[in-house]
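Next come the chains, spelled out residue by residue.
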Amino acid sequence: MAYYADVMINASKGEHRLYAAQKFEQLLDSSLQQAHSFDNKYKDLEWIAIQYPKDRSFRTITWQIKIDDDQYQYHGYCQKANGQLYKIKSSGGIDNSHKDRSIPWTQWSGGIIYKILTIPK
């Protein structure tokens, strides 16, 4: 998995990144379906964002794929501590070609989760 994650993020050719992304997602999906997979920290996946809340009741595993200079796709999983798994995928990627390089909120369909915060009551 680490090999495909590295190629998916760092390859210079888009078709190599997309091929690696497909392979990576297949392997990760299979791994996450295994019993006790929540205990696997996936420390060798340095290009993937894995975040837990303080209570460690779930985790998010997210990443982006650069399609070309103006398009990215965002993918990921949300996994509960009991192993229940939810797949996260952007709908066709983000068109980042706006003149001011901003994305209207109504077109935002995914992202990488960098931190999970607890909101005080």
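Right above here is the structure, for reference.
Residues numbered from 1 in each chain as written. Predicted model: local features only at pLDDT ≥ 70, side-chain atom pairs only at ≥ 80, totals over all residues. Heavy atoms only, no water.

Right, let's get into the packing of aromatic side chains. The description of an aromatic ring pair uses the distance of the two centres, along with the angle that the planes make with each other. Taken as a whole and assessed by the stated rule, the structure comprises four aromatic pairs. For the pair F24 and W63, a centre-to-centre distance of 5.1 Å together with 90° between the ring planes defines the contact as edge-to-face. Placement of the pair is F24 in helix α2 (residues 14–32) and W63 in strand β2 (residues 58–68), with a sequence separation of 39 residues. Of the residues examined, W63 reaches a relative accessible area of 1% and is grouped as buried. Ring plane angle 35° and centroid distance 6.2 Å describe the contact between W63 and Y77, whose orientation is recorded as tilted. One end of the pair, W63, is in strand β2; the other, Y77, is in strand β3 (residues 71–80), with 14 residues separating them in the sequence. By the ring-pair criterion, three or more aromatic residues cluster together here, those being F24, W63 and Y77. Stacked on the ring of Y52, the Lys or Arg R56 has its end atom at 3.8 Å from the ring centre. (Phe/Tyr/Trp six-rings, centres within 6.5 Å; stacked < 30°, edge-to-face > 60°. Helix = DSSP H or I, 4+ residues; strand = E, 2+ residues; numbered from the N terminus. Buried < 20%, exposed > 50% of the residue type's maximum accessible area, 1.4 Å probe, protein only. Lys NZ or Arg CZ within 6 Å of the ring centre and 35° of its normal.)

Just distances and angles here, no functional claims.
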